[in-house]
Amino acid sequence: MAKGVCVNGCKRPRGGGEDGEEPRGARKKRRLGDGGVCPHGPKPKEKSSRLSAALFGEDCEISHDQMYELLKYAALGKCHNATQPSWCHIYHQSHLAGVVVIVLHEMSQLHFYKFYLQFKHLRKVFRHRFTLPPSSANFLANLYGEGANLNPQNTAQGSTSTSSRCIPNSSNLQWDPIIQKYGEEKQGLTSYTLTLEELKKNDYPMKGSPGCEDYMHTECDQQRTDSSPLFGLDCEMCLTAKGNEVTHVSLVDAQGRCLLNELVKPESRIVNYRTRFSGITRKILLPVKTKLADIQTRLKKMLPRDAVLVGHSLNADLQALQMIHPSVIDTSLLFARNEGRRFKLKFLAKAVLGFLDCLQMTGQKPLLLGRQELDSSGLCQSNLSTSNKQILQRALKDVPLSTFSIIQFSLDPEYVAPHLLAGICEKVKVKLTDMLTIYAGPFDESFCLKSVKKEFGRCGPIRSLTVVTETYQPYVCIQYEMLEAAQLAVENLNGAEVAGCCIKVQRPVTGTMLDCDVLIKELELDIENEGVIYVAGLKKSLTETDLQEEFSQLKDLEALFLPRDLQSGKHRNCCFLKFQKSESAVDALGVINGWAMRGSRLRSRKALAPGHLWRWIWQMDHHNGKQRGDSLCEKKEQQSDLEQELRKKLKKLDQHIWKLYRSLQNNTLCVVLFPGVNSMHGSQSGLGLMGIKDDGERSAC
């Protein structure tokens, strides 16, 4: 750094003189510890965006609409009428550097937990995780609000695709007023322009109409075609002594480029600025010299002879402009409800436009990369020649140039084939069953089974308990509902005296269980389980209010989740406690285990399975699905080879995502989606992971 130059990057010399000489008294200040201070003061600390989500316990399944809600708000913010998502909160949204969505095509929650150890970066980086319903074929289109089912209007220069959120997809669709008027086929621009009769009926200024004698005509009288240029017009008005007068005029072309954006000084005295709706204030208008006549002249020069104007209740804008234009499309009439009632523009913008349209209208260019590319109708087209490595290389180059990106990675068809997924699903079920199962014994021939059930029940809810009699002495096989319960039994009761016998407690010894200890350790270290503990041995009669009171002395307790049986709805004899700090969770474990040493029934340990996981485990165990077919028994050796290859590919994919994540700017919202599968062969829930990148917050990877 040059001598005397500010450490904040300020070009002004530290001394303040032209030659960098220190002013009088500066040297004394530096001796006192105040030297070298930037003349502009300390460098302001940049605000960081932050994400919080209530995804603890049963509130962990997010619909596609809720996902769309999050992405729209993150990309557009409040200034474009997007609202905070109902299920999570983004703090300082305006400071987000961008939004990146990574979609793992045709992959599900099954892939993530079957190959959990391979996804070592994903599970260490993203703090928030949630379940998604199995996706439909047009998952990408639903993701950003583009419905490919219906497009009743499509202009030649600017396509407006109607989302399924606007028009319900029902058997009565033919009775929709828009369909009745325009039909189900796409039509050209001229089909939507108002007729002479409609202009007259809706109070549009026209030649010869009363009160329009002094209005300026745009002289756009050339024949319109479907390729005529389209322009969006909008005005803001205030109330003057004369009535409504224009204070702001905007004109954009079909590509969303701003052609005119001018403030206008009304002729008459202003009675009401209508700031709440227009944003116009006395201070804003004070320096403005532009008059209505200036705007009329500029509009007349700018509009081609065959121009079509589009706007919402455009008659009011043209009346305020005191201009006559013969060819208009009025969205308030185009999307009119039954009995002619009109939608508000705010609702239409939310219902009809996907947020990618909104991004383009604000001059931001969204980036879509992947094998599945979207054509103009919103349908996906495959391009199998593109590899994941090529997609990554292009993403590393293009993502920094875009404020909103969707990057889709895919697997070759053989790795998502139904018979392979069926085999993987069956293996996962077997492994989960083994991890939830423990064997305890040996017991005496006359041991009390009720005492055994009571002691092991203190570790958590038991699904089944059977006596093994094939051995020399009896053993008991216990299958739990929670991973934490089985682990507690192994840790606390191995070598303990139960029913008058010193017993050994162990899990089944099978090939699938060889990496069980590694898996348990990694689940404990999972970022989502930070600050969460599992507590068992509760009375089933206790409510959440009772438990909150019982655990109120635990420091930094943030939330409590009391699991229910998903069939009966009854509370289980365990709960999960979430703390604001991981240190507080460790302290709470010490407190609760101290109670146990003094005779309390409670037992606790670190959590292993977040809410979405234990719910998925329950579903896997209770729903056999359609995936078990005859093909499962065929070509097992070939399937094993494919599974090994899939393991390597998913590990590589995890590295790709980590490399892309590292390249992102700080304050970038990153969402990774396993969309799930919903087909004739069966369905699997999806999984979402999300977080806002902050290099200073976590560097575990």
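As the structure is a prediction and not an experimental result, all values here were calculated from the model.

(A) Quick look at the environment of Gln296. Following the sequence through the fold, Gln296 ends up in helix α10 (residues 292-302). Separated by 25 residues in sequence, Gln296 and Leu321 place their C-alpha atoms 7.1 Å apart. Not counting residues up to four positions away in its chain, the partners in contact with Gln296 are Met216, Leu321, Gln322 and Met323. Reaching out from Gln296, the side chain makes a polar contact with the backbone oxygen of Leu321 at a distance of 2.8 Å.

(B) Looking closely at the pairing of strand β17 (residues 437-441). In terms of burial, β17 is largely enclosed, as four of its five residues are buried. Relative to strand β19 (residues 475-480), β17 runs antiparallel, the two being bridged by four bridges. Across the sheet, the residue bridging to Ile438 is Ile478, located in β19. Of the strand pairs in this sheet, β17 and strand β22 (residues 504-506) are connected by three bridges, and their pairing is antiparallel. Bridge pairing in β22 links Tyr439 to Gln506.

(C) Quick look at the nonpolar core. Within the largest apolar cluster, 54 residues are counted, with the highest numbers of intra-cluster contacts made by Ile407 and Phe674. Considering every element that reaches this core, the biggest residue donor is helix α23 (residues 636-663), with eight residues. Once you skip the residues sitting within four places of it in the chain, Phe674 turns out to touch Leu104, Met107, Ser108, Gln109, Phe112, Phe119, Leu122, Leu132, Gly686, Leu687 and Leu689. Grouped together as the second largest cluster of nonpolar side chains are 31 residues, Leu55, Leu76, Val99 and Val103 included.

(D) Structural context of the side chain of Asp526. Note on placement: Asp526 falls in the loop between α19 (516-525) and β23 (532-536). Of the polar contacts made by the side chain of Asp526, one reaches the side chain of Arg129; its length is 2.8 Å. Sequence-distant contacts of Asp526, defined by excluding residues within four places in its chain, comprise Tyr116, Arg123 and Arg129.

(E) Representation of the side chain of Gln109 within the structure. Considering the arrangement of structural elements, one finds Gln109 in helix α3 (residues 109-114). Gln109 sits in the buried class, given a relative accessible area of 0%.

(F) Structural context of the sheet that holds strand β18 (residues 462-468). Strand order in the open sheet formed by four strands is β18-β19-β17-β22, with antiparallel pairing between adjacent strands. Of all strands in the sheet, those with a lone pairing partner are β18 and β22, marking the two edges. In this sheet, adjacent strand axes meet at a mean angle of 20° when their direction is disregarded. Contacts between helix α17 (residues 449-457) and the sheet are confined to β17, β18, β19 and β22, with β18 contributing the most and set at about 140° to the helix.

(G) How the structure looks around the packing of aromatic side chains. In total, this model carries 13 aromatic pairs according to the counting rule given. Over the face of the ring belonging to Tyr116 we find Arg123, whose NZ or CZ atom lies 4.7 Å from the ring centre. Note that Lys693 overlies the ring of Tyr661, its terminal NZ or CZ placed 6.0 Å from the centroid.

(H) Structural detail: the pairing of strand β30 (residues 686-692). Where burial is concerned, most of β30 is hidden: seven out of the seven residues are buried. Here β30 shows no split at all, with Gly686, Gly688, Met690 and Ile692 on one side and Leu687, Leu689 and Gly691 on the other all buried. As judged from the five bridges shared by strand β4 (residues 128-132) and β30, these two strands associate in the antiparallel manner. Residue pairing in the sheet places Arg129 in a bridge with Leu689 of β30. Both strand β27 (residues 668-674) and β30 contribute to a ladder of six bridges, which runs antiparallel. Residue pairing across strands places Cys670 opposite Gly691, the latter belonging to β30.

(I) Up close: the pattern of salt bridges. Scanning all chains against the criterion turns up 19 salt bridges. Between Glu219 and Lys300 there is a salt bridge, with the nearest N and O atoms lying 3.1 Å from each other. Separated by 81 residues along the polypeptide, Glu219 in the loop between β5 (216-217) and β6 (230-240) and Lys300 in helix α10 bring together distant segments of the chain. Given a relative accessible area of 42%, Glu219 falls into the partly exposed group. For Lys300, a relative accessible area of 29% gives the class partly exposed.

(J) Quick peek at α17. All buried positions along α17 are accounted for by Val452, Phe456 and Gly457. For α17, the angular spread of the buried residues around the axis is 125°, confining them to a single face. Residues of α17 that are exposed and point more than 90 degrees away from the buried face comprise Lys450 and Lys454.

The rules we used
- Residues numbered from 1 in each chain as written.
- Predicted model: local features only at pLDDT ≥ 70, side-chain atom pairs only at ≥ 80, totals over all residues.
- Heavy atoms only, no water.
- Helix = DSSP H or I, 4+ residues; strand = E, 2+ residues; numbered from the N terminus.
- Contact = heavy atoms within 4.5 Å.
- Polar contact = N/O pair within 3.5 Å; in protein donor to acceptor, adjacent residues only side chain to side chain.
- Buried < 20%, exposed > 50% of the residue type's maximum accessible area, 1.4 Å probe, protein only.
- Pairing = 2+ DSSP bridges.
- Core = buried A, V, L, I, M, F, W, Y, C linked by side-chain atoms within 4.5 Å.
- Axes fitted to C-alpha atoms, helices over the stretch in contact; angles between N-to-C directions.
- Phe/Tyr/Trp six-rings, centres within 6.5 Å; stacked < 30°, edge-to-face > 60°.
- Lys NZ or Arg CZ within 6 Å of the ring centre and 35° of its normal.
- Salt bridge = Lys/Arg side-chain N within 4 Å of Asp/Glu carboxyl O.
- Arc of directions from axis to C-beta.

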